[in-house]
Amino acid sequence: MWKFLLQRLLLFIPTFLVISVITFVLIQAPPGDYISSYATQLEASGEEASEALLIALRKRYGLDQPVYVQYVKWLWGIFTRLDFGHSMQWNRPVGDLIWDRLAWTVVISFLTIIFTWILAFPIGIYSATHQYSGFDYSFTFLGFVGAGIPDFLLALVLMWLGFAFFGLDMGGLFSEAFRDAPWSWAKFVDMLKHLWVPVVVLSVSSTAGLIRTMRANLLDELRKPYVITARAKGMTEWHLVLKYPVRVALNPFISGIAYVLPQLVSGTTIISIVLSLPTTGPVQIRSLMSQDMYLAGSIFLLLASLTILGTFISDILLAVVDPRIRLE
Amino acid sequence: MDPGILIDIQHLHTNFYLREGVVKAVNGASLTIAKGRTLGVVGESGCGKSVTAQSILQIVPRPGRIESGDILLHIAEGDLDETINITDLNPGDPLMRDIRGSRISMIFQEPMTSFSPVHTVGNQLEETIKLHQPEHRDEAPTRVLDMLRRVGIANPERNVESYPHQLSGGMRQRAMIAMALMLEPSLLIADEPTTALDVTTEAQILALMRDMQSELHMAIMFITHDLGVIAEMADDVVVMYLGRVVEKAPVRAIFHSPKHPYLQALLESIPRIQKRTGARLQAIEGIVPNPLDVPPGCPFHLRCPDFIPGVCDEVVPADTTVDEGHTVACHLYTD
Amino acid sequence: MTVATPQKSAETSLYTASQWQLMWWRFSRHRVAVVSLVLLVFAYATALFAEVVSPHDPNRFSSSWVLAPPMRLHFTRDGSFHLRPYVYGLTSARDEETLAMVVVPDETQVHPIRFWVKGDPYTLWGRFDSDLHLFGIDAWEEQPLFLMGADDLGRDLFSRIMFGARISLSIGLLGVGFSLLFGVVLGGISGYYGGLVDVIIQRIIELLRSLPTIPLWLTLVVILPPHWSALRIYFGITLILSLIGWTGMARVVRGRFLALREEDFIMAARLANAPQMRIIMRHMVPSFTSHLIAQMTLAVPGMILGETALSFLGLGLQPPVVSWGVLLQGAQNLRSVVLAPWLLLPGLFVVAVVLAFNFAGDGLRDAADPYAI
Ligand SMILES: Nc1ncnc2c1ncn2[C@@H]1O[C@H](COP(=O)(O)OP(=O)(O)OP(=O)(O)O)[C@@H](O)[C@H]1O
Ligand SMILES: [Mg+2]
């Protein structure tokens, strides 16, 4: 198992490097650098941007150096000081702006994964053991519908219905009264009252996918000879289904994290705009619109690292539950 | 019922209901299994051997179902003497579950996939005891070790903790046999138990099965393609063709005075030298008819060299006794 | 194989039917998929003839009809039923409560809906000049026909949806076209050559699949040069969307190649010393076209949803280009949705098309590979 995990860990490092290169290219890609944008900004506000000042600024931020030096410095800053660069728009270090928001992205994605599992697991099992039953057909159909509705649209419709029929404001994570209040039990409860909306919205599409995965895997497993062996031993049908094929079908379910997580992070980005959630989504959009590339790029880097970390975690879990990998 | 008989199958019909039509996998087969003896079952691929075995345990997979017929199981144990008709029971009936794994157990062709890959061998072996004798669950680990030792698994203490993928093919089949024999059943059904093994391992497993049989006095229903193995293992033989039993006889009669043209063709197609091992039943001219569309009359008439027009393609031949314990279903032998 | 089993004629034809006929038979058993396919053909035809199908010029605006609600079609008049539906005209009135000007139906004006009426002039496909519209009302100059209401500039939403279909639907096909190109080339190389090339390509696919799509797309879209023309941006976005899409295609292609590599006819071609590229093109590609078609159908929704999301966020296509995503920008905040819920209607079209593609694709996949689950 250790060999397997080490292998995976070693794979994680080059992957991260590749992503960091991609990110840096993206940061550098728009024409001009942020000093020239800064100059334009100054001029727009009527101030004189002297050549000397600009050169000094360039030097200070290392923009006069070759690109690969800039890249190494940037990466070094991230590794040693968690310094992701400077947000031009906010005139603050990028890190300050995103840690809280990243945490919310993680919380929402994590809760959604748990919630989808709770839903998809029993439904998938039932659908597979009752293949082609009315229930199976309805869930296959609902699954299609769920996968076909864009999550932001679902969020919008939910907000609209909530407002039009119940006068509810379902946006945000806290009510007005708690927004700036310190953490307390009441604030926590208030948060839960808001948090279910994004979790449910995001679950709709990923649950559909997971049910299909669970169903397909289980149908595969139910045909395997070891099920017949168990049956020939005299086990009851439910006992044997739960003990053997479900247990084996769990593995693809766990490795499913690897592809569900990017989907969830992606979904969180967009529904956060609609639901005004304090995740990385709104900041990323705003920074992209104003070409604040260090901020935008850093968010991308962090989100991508997050999903790749998710892949790594799913590998670990897989090794824990699957003896064929663990005892390799 | 003859007291020497353990299982008596009469006119068994087991069908699979597919979208394309009904597959009559077992189409009126009758056979008996004597106590403590080995019944060999031979026939080409798809003739219904496995489905017959599954029917005995009521584990025919969906969309298959036993349609009609009787499977009588004779239980004589101390004071107990009764006959159960298995086809009267539901597959989920507690009595049926009770029979499976304790009175009748089964081993399969694929020792690798017949074990769950994510549970230890010990766990899967103990389960049989826990299911059928929950009151003895504490003894389960020692009984498992004991049984593993009896089937010749070296270092059982370590191997109970192993997962199936850590054992060799032969070891897995031994473990499979140990699992099947854990509760000393009166019938062991072996569905091509050595097909996936190499010749040396095959010989060892066959020897093991014979040893265990004489130790436990159980009957064996041995399904195979291999006439060599039949000659070695079986006391009695039934030959199946397209869901029917076409000939049954003691093993000597099968090889020395085969009656059915199908069996004769089978035996002729084996070169003399290969007769003992490695002879497979594939070398007969013609193909097995589509089981979705079974021809009328004798199922073999399309390939039969002695085909009698107007008889063989119209009337299903009945069993004819040609000798003591030797019956054949063929119009050539009806008077 | 010397004894022939008697076959009924229907069964004989089953054996002689071509692969494509077999696929079609299996597909046509899947009723939902067939309906979906018909719906899709209809949708694409509508998009192709958007100028004719829409009653108005999509850019014709009027301050009088800002956020006019959808008009109801009426079939009964004075208690009797008319097959030809009609609508009431619109008029501005002051909301008693909020004192704001709102558009309300005026029951004194009755406008029957007719086929082939004159309307805004247009040039179909940049070539045919006309002013005939499939349907509309006679008084089109003074009275607009708002089947799905009007947007915040008083433009007809239905007409805009018809024109938006052109962009949204074509981006789906074009994106899948690009994906197919990358997917077949890279997946083919991966599956045909195997070895190190395969490992590298598989790693790239794995990496791309583990990235969160929307953040990636957003960041990429921003670096498209701002001075590009709308057409170039359109192609740029399509390319960006297919950057992830090809991975799915490549998987199918690679998988089929690996399976086919071992099959006899490829071996035969190899032994006959046919050049490698010819082996690929002549023998391998056609034999899995059916799988590819299914996979392509299933990939279209991802493209359409991607464009919709990007444009909805204001970072994809920009007005005056009309796509379903651009139209949904109008519904971005709760206030406008509460005020004019019909602004969500483009979303309904997105969902319908996506569902149709998914169902049709599912049917095609079953037909291509009856043994897969
Ligand atoms: N699960 C199933 N679904 C549909 N048809 C089945 C199923 N199992 C068996 N059959 C059909 O029943 C018939 C008999 O199958 P069976 O497995 O008993 O053959 P067999 O004699 O054991 O062959 P083999 O020597 O290949 O194991 C075959 O025609 C087969 O197609
Ligand atoms: Mg069999």
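Along each chain, residues carry numbers from 1 onward, in the same order as the chain's sequence is written. Just so you know, chain letters begin at A and ligand numbers begin at 1, following the order they were written in. Residue-level local features of this predicted model are given only where pLDDT is at least 70; pairs of side-chain atoms are given and counted only at 80 or more, and the full residue set underlies all totals for whole chains, interfaces and linings.

Draft legend 1. Inspection of the overall build of chain B at higher detail. Per the convention used, a helix needs a DSSP run of H or I reaching at least four residues, while a strand needs a run of E reaching at least two, with both numbered from the N terminus. Of the regular secondary structure elements, chain B holds 10 helices and 12 strands. For 335 residues, the compact-globule estimate of 2.2 N^0.38 gives 20 Å, and the C-alpha radius of gyration of chain B, at 20 Å, lies within 12% of that figure. Projected onto the principal axes, the alpha-carbon positions of chain B cover approximately 65 × 45 × 45 Å. Comment: burial labels come from other C-beta atoms within 10 Å of the residue's own C-beta, placed from the backbone, where a count of 20 or more is buried, 12 or fewer is exposed, and between is partly exposed. Counting all 335 residues of chain B, 44% fall into the buried class. Pairs at least 24 apart in sequence give 64% of the contacts found in chain B among residues at least 6 apart. We compute the radius of gyration from the C-alpha atoms alone; for a globule the expected value is 2.2 Å times N to the 0.38, where N is the number of residues. Note that contacts rest on C-beta atoms placed from the backbone: two residues are in contact if these are within 7 Å.

Draft legend 2. Just the overall build of chain C, in detail. Of the regular secondary structure elements, chain C holds 14 helices and 5 strands. Taking all 373 residues of chain C together, the buried fraction comes to 39%. Within chain C, residue pairs in contact and separated by at least 24 positions form 68% of the contacts whose partners lie at least 6 positions apart.

Draft legend 3. Inspection of the interface of chain C and chain A at higher detail. In this complex, chain C contributes 34 residues to the contact, which on the side of chain A involves 43 residues. Those elements that provide at least two residues to the side of chain C that touches chain A are helix 6 (195-209), helix 7 (213-222), helix 11 (289-312), helix 13 (334-339) and helix 14 (345-368) of chain C. Amino acid classes used here: Ala, Val, Leu, Ile, Met, Phe, Trp, Tyr, Cys and Pro are nonpolar; Asp, Glu, Lys and Arg are charged; the rest, including Gly, are polar. The residue inventory of the side of chain C that touches chain A, partitioned by class, reads 27 nonpolar, 6 polar and 1 charged.

Draft legend 4. Structural context of the sheet that holds strand 7 (residues 187-191) of chain B. All names here are of chain B. Should DSSP find at least two bridges between two strands, the strands are taken to pair. The 8 strands are arranged 6-7-8-3-9-10-12-11 in an open sheet whose pairing can be described as mixed. A single partner strand is all that each edge strand has here, and the edge strands are strand 6 (104-107) and strand 11 (319-323). With direction set aside, neighbouring strand axes in the sheet form an average angle of 20°. The sheet contact formed by strand 3 (residues 38-42) and strand 9 (residues 236-241) spans 4 bridges and is parallel. Helix axes use the C-alpha atoms of the stretch in contact, all axes being lines fitted to C-alpha atoms, and the angles between their N-to-C directions lie in the range 0 to 180 degrees.

Draft legend 5. Quick peek at the domain arrangement of chain B. All names here are of chain B. Note that the domain bounds reflect an automated or database-derived domain assignment. Partitioning chain B into domains gives domain 1 (1-103 + 186-284) and domain 2 (116-184). Computed from C-alpha atoms alone, the centre-to-centre distance between domain 1 and domain 2 is 25 Å. Taken together, the contact pairs 13 residues of domain 1 with 14 residues of domain 2. Per element, the largest residue contribution to the side of domain 1 that touches domain 2 is 7 residues, and it comes from helix 7 (residues 199-216).

Draft legend 6. Just the packing of helix 3 (residues 31-48) of chain C against helix 5 (residues 157-193) of chain C, in detail. Residue and element names in this part refer to chain C. At a minimum axis distance of 8 Å, the contact between helix 3 and helix 5 shows a crossing angle of 115°. Put simply, helix 3 runs roughly perpendicular to helix 5. The crossing of helix 3 and helix 5 is left-handed. Where helix 3 abuts helix 5, its residues A43, Y44, T46 and A47 lie against M162, A165, R166 and L169. Taken together, the residues of the contact of helix 3 with helix 5 break down into 6 nonpolar, 1 polar and 1 charged. Angle categories are assigned with fixed cut-offs, so that under 35 degrees is roughly parallel, over 145 is roughly antiparallel, 65 to 115 is roughly perpendicular, and the rest are oblique. Take the far helix as your reference; a near helix turned counterclockwise from it by less than a right angle gives a left-handed crossing, and one turned clockwise gives a right-handed crossing.

Draft legend 7. Molecular detail of the site of ligand 1. Residues and elements named next belong to chain B. Contacts to ligand 1 come from 16 residues, most closely from A25, S45, K49, S50 and V51. Among the secondary structure elements, those contributing two or more residues to the shell around ligand 1 are strand 1 (5-18), strand 2 (21-34) and helix 1 (49-57). Here the shell around ligand 1 gets 3 residues from one element, more than from any other, and that element is helix 1. We call a residue near a molecule or strand when its C-beta atom, built from the backbone, sits within 6 Å of it.

Draft legend 8. Structural context of the packing of helix 5 (residues 94-129) of chain A against helix 6 (residues 134-148) of chain A. All names here are of chain A. Packing of helix 5 against helix 6 leaves a shortest axis separation of 8 Å and a crossing angle of 130°. By the angle between their axes, helix 5 is oblique relative to helix 6. The interaxial crossing formed by helix 5 with helix 6 has left-handed handedness. Contacts between helix 5 and helix 6 involve I123, Y126 and S127 on the former and, on the latter, F135, D136 and F139. Along the lines of polarity and charge, the residues of the contact of helix 5 with helix 6 split into 4 nonpolar, 1 polar and 1 charged.

Draft legend 9. Looking closely at the nonpolar core. Definition of nonpolar core: a set of buried Ala, Val, Leu, Ile, Met, Phe, Trp, Tyr and Cys residues joined via C-beta atoms within 7 Å. Counting 248 residues, the largest nonpolar core has A178, L187 and M221 of chain B as the members making the most contacts within it. The leading source of residues in this core is helix 5 of chain C, at 14 residues. With residues near it in sequence (within four places) discarded, A178 of chain B still touches L125, M147, L148 and V151 of chain B.

Draft legend 10. Main features of the confidence of the model for chain B. Residues and elements named next belong to chain B. Each residue gets a pLDDT score, which is the predictor's confidence in that residue and runs from 0 to 100. Considering every residue of chain B, the mean pLDDT works out to 86; 93% of them sit at 70 or more. Looking over chain B, one finds the lowest element-wise mean pLDDT in strand 5 (residues 80-85), namely 84, and the highest in strand 8 (residues 219-223), namely 94. Counted against residues more than four places away or in other chains, residues 273-282, with its pLDDT under 50, gives 17 contacts.

Draft legend 11. Focus on the pairing of strand 5 (residues 128-136) of chain C. Residues and elements named next belong to chain C. Direction of pairing for strand 4 (residues 114-124) relative to strand 5: antiparallel, over a ladder of 7 bridges. Note on strand 5: the bridge partner recorded for F115 is F135. Taking the residues that link successive antiparallel strands as the turn, the strand 4-strand 5 hairpin has 3 residues, and the phi of W125 there is positive, at about 50°.

Draft legend 12. Spatial organisation of the pairing of strand 9 of chain B. Residue and element names in this part refer to chain B. For strand 9, a buried count of 6 out of 6 residues is recorded, marking the element as mostly surrounded by other parts of the structure. Side chains D236, V238 and M240 project from strand 9 onto one buried face, and the interleaved V237, V239 and Y241 project onto a second face that is buried too. Between strand 9 and the antiparallel strand that follows it, strand 10 (residues 244-250), lie 2 residues; L242 among them carries a positive phi value of about 50°.

Draft legend 13. A look at the environment of H130 of chain A. Among the structural elements, H130 of chain A can be located in the loop between helix 5 and helix 6. When the 13 C-beta atoms within 10 Å are taken as the criterion, H130 of chain A is described as partly exposed.

Draft legend 14. Molecular detail of the sheet that holds strand 1 of chain B. Residues and elements named next belong to chain B. Across the sheet, which stays open at both edges, the 4 strands sit in the order 2-1-4-5 with antiparallel pairing between neighbours. Each edge of the open sheet is held by one strand with a lone partner, namely strand 2 and strand 5. For this sheet the average axis-to-axis angle between neighbouring strands, irrespective of direction, equals 10°. As paired strands, strand 1 and strand 4 (residues 64-77) are joined by 8 bridges and run antiparallel to one another.

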